[in-house]
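Given next are the chains, with one letter for each unit.
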Amino acid sequence: MDGQAVVSQKGAQRWARGHPWIYRSDVTQSPDAPAGVVTVHDTRGKPLGVALWSPKSEISLRLLDRDANASIDESWWRERIQLSVERRQSIDATAYRLVYGEADGLPSLICDRYGDWIVVQLMSAGLEACRPQVVNALRSVAKPTGILARNDVSLRAKEGLAQTVELLLGDVPREIEVLEAGIRYAAAPWDGQKTGAFLDQRENRVRIGALARGRALDCFSYHGSFALHLARRAEHVVAVDSSAAALERARGNAARNGLRNVEWIEADAFEYLKSAERKRVQFDTVVLDPPAFAKNKGALAAAIRGYKEINLRAMRLLAPGGLLFTASCSFHLTKPLFLEMLASAAADSGHRLILREVLGQPGDHPEILTIPETGYIKGAIVERR
Ligand code: SAH
């Protein structure tokens with residue numbers, strides 16, 4: 001460990017209050033070292049801990065260990081990863097998030113398990129410098145057949161890192177079959193969205209799947225993960241997505257489960273909802289799981305209009321007694337704003353709607369109260385009386 005950083009009281013306070021990041025503006029003396037592991041002191045010389053150092057990032061320091069003498073070697077990574085693995089032992093799926101970065105005390109590291117394989121994302125320059133130890137630790141703790149790095153994320157640009165997809169260990173197939181609470185689907189680790197599937201809605205899919213009935217609609221269906229859970233109980237499911245590639249995999253996924261009651265439609269969900277409303281079609285179960293409409297704070301007002309539009313239309317399509325599962329994965333749309341948007345849509349819908357359940361992230365994507373950035377999914381189940 002060569003480098004040492006000195007941080008202001010404000011920076012030290014963030015760590016004391018349970019948040020692992022210290023911003024560049026709170027670093028009073030930068031480490032004279034390349035990206036990697038450094039020790040951190042306050043301005044009075046008091047040691048605060050060990051952190052990942054990212055020279056080019058706005059987020060300069062990410063807390064690894066509050067013991068300034070801790071040596072961050074392979075066994076340190078092994079211990080932390082082992083803890084993450086133990087926290088996830090009761091999950092009823094073969095694919096889930098094994099390490100959720102800051103929420104697991106492993107800042108900027110994402111590891112998703114897909115059966116025998118692991119897909120990782122190294123999201124900071126400091127972490128990238130520890131890559132060999134991280135990969136070795138993962139290998140000995142989780143014993144995967146292969147490890148793929150889906151480092152093709154734009155966030156890496158802010159760290160001065162290249163966006164690449166790289167095989168780090170063994171081999172990883174193009175498609176991996178996942179079993180999720182009795183439903184089979186193929187994930188696409190090399191070129192699918194995120195690390196190959198949307199693992200963050202797993203519990204919500206199971207929840208609305210258990211309540212589904214009658215005529216069902218899944219908007220923004222991707223490779224059909226919600227639609228397949230709905231199709232087990234609903235008579236008929238319409239699944240809408242704008243991506244032909246996602247729908248092609250979705251059709252294969254339906255076949256894997258022997259489900260013949262799903263109709264896959266390649267369309268803009270906004271247009272589909274509008275035309276269904278015009279035709280006065282009704283549904284007993286509706287799912288809305290759109291992409292993040294607000295990628296940044298500036299886009300929030302327009303995003304809220306978008307969310308309200310789809311939710312209002314979905315509410316109008318509900319048959320009496322019908323259920324709507326609705327979600328937003330925009331970090332900037334906070335929980336209060338999400339519920340306010342739903343209330344506003346309900347007010348315009350002309351229906352009386354009950355807020356049955358307020359939902360969030362599954363147990364493998366824990367939302368840490370002192371780290372707001374770990375929470376981004378809001379969900380709700382709404383029922384038309
Ligand atoms: N519900 C899915 C994840 C949905 S991600 C799951 O649980 O796996 C969002 C999806 O919305 C992506 O598949 C994307 O192709 C699709 N999408 C984005 N904009 C769209 C639009 N305007 N109309 C329909 N689909 C859209």
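Here the structure is a predicted model, which means the values were calculated and not measured. (Residues numbered from 1 in each chain as written. Predicted model: local features only at pLDDT ≥ 70, side-chain atom pairs only at ≥ 80, totals over all residues. Heavy atoms only, no water.)

Ranked by internal contacts, the top residues of the largest apolar core, which has 37 residues, are Y114, Y185, I208, V237, W264 and F325. With five residues, helix α6 (residues 225-231) is the largest single contributor of residues to this core. Taken domain by domain, this core gets at least three of its residues from each of domain 2 (74-176) and domain 3 (198-384). Beyond its immediate sequence surroundings of up to four residues, V237 is in contact with A216, A227, L230, A231, N261, V262 and E263. Counting 33 residues, the second-largest nonpolar core is a separate cluster that includes L217, F220, A314 and F338. (Core = buried A, V, L, I, M, F, W, Y, C linked by side-chain atoms within 4.5 Å. Buried < 20%, exposed > 50% of the residue type's maximum accessible area, 1.4 Å probe, protein only. Helix = DSSP H or I, 4+ residues; strand = E, 2+ residues; numbered from the N terminus. Domains from an automatic or database assignment. Contact = heavy atoms within 4.5 Å.)

Now for the packing of aromatic side chains. One pass over the structure, following the stated rule, counts seven aromatic pairs. Look at F198 and Y222: their rings are 4.9 Å apart centre to centre, the planes differ by 90 degrees, and that puts the pair in the edge-to-face class. Taken together, the residues span a long stretch of sequence, with F198 in the loop between β13 (183-187) and α5 (202-211) and Y222 in the loop between β14 (215-219) and α6 at a distance of 24 residues. Judged by centre distance (6.4 Å) and plane angle (70 degrees), the rings of F220 and F293 are edge-to-face. Of this pair, F220 sits in the loop between β14 and α6 while F293 is found in the loop between β17 (283-288) and α9 (300-317), placing the two residues 73 residues apart along the sequence. Among the aromatic residues, those joined into a cluster by ring pairs are F220, F270, F293 and Y307. R205 extends its terminal NZ or CZ atom over the ring of F226, reaching a point 5.9 Å from the ring centre. (Phe/Tyr/Trp six-rings, centres within 6.5 Å; stacked < 30°, edge-to-face > 60°. Lys NZ or Arg CZ within 6 Å of the ring centre and 35° of its normal.)

Our focus in this paragraph is the domain arrangement of the protein. In many reports, interface size means the accessible area that the parts give up when they come together. With domains assigned, the protein is organised as domain 1 (4-65), domain 2 (74-176) and domain 3 (198-384). The gap between the C-alpha centroids of domain 1 and domain 2 is 24 Å. Taken together, the contact between domain 1 and domain 2 spans 15 residues of the former and 17 residues of the latter. With both sides pooled, the region where domain 1 packs onto domain 2 buries about 1,000 Å², and carbon together with sulfur makes up 61% of that total. Three residues stand out in domain 1 for area buried against domain 2, namely L52, R62 and L64, and they jointly supply 42% of the buried area on that side. Our enumeration of links across domain 1 and domain 2 arrives at three salt bridges. Two residues, E159 and R62, come together in a salt bridge whose shortest N-O distance is 3.2 Å. Joining domain 1 to domain 2, the criterion identifies eight residue pairs in polar contact (both at pLDDT 80 or more). Contributing elements (two or more residues each) for the side of domain 1 that touches domain 2: β4 (36-42), β5 (47-53) and β6 (59-65). (Buried area = accessible area lost by both parts, 1.4 Å probe. Salt bridge = Lys/Arg side-chain N within 4 Å of Asp/Glu carboxyl O. Polar contact = N/O pair within 3.5 Å; in protein donor to acceptor, adjacent residues only side chain to side chain.)

A few words on helix α10 (residues 335-349). The end-to-end C-alpha distance of α10 is 21 Å, a good match for the 21 Å that 15 residues give at a rise of 1.5 Å each. Those residues of α10 lying buried are F338, M341, L342, A345, A346 and S349. All buried residues of α10 fall inside an arc of 135 degrees around its axis, so they share one side. The exposed residues of α10 that point more than 90 degrees off its buried face are P336, E340 and A347. Those residues of α10 hidden inside the fold are in contact with α9, β18 (318-328), β19 (353-359) and β20 (378-384). With its phi angle positive at about 80 degrees, G350 sits one or two positions after the end of α10. (Expected span 1.5 Å × (residues − 1). Arc of directions from axis to C-beta.)

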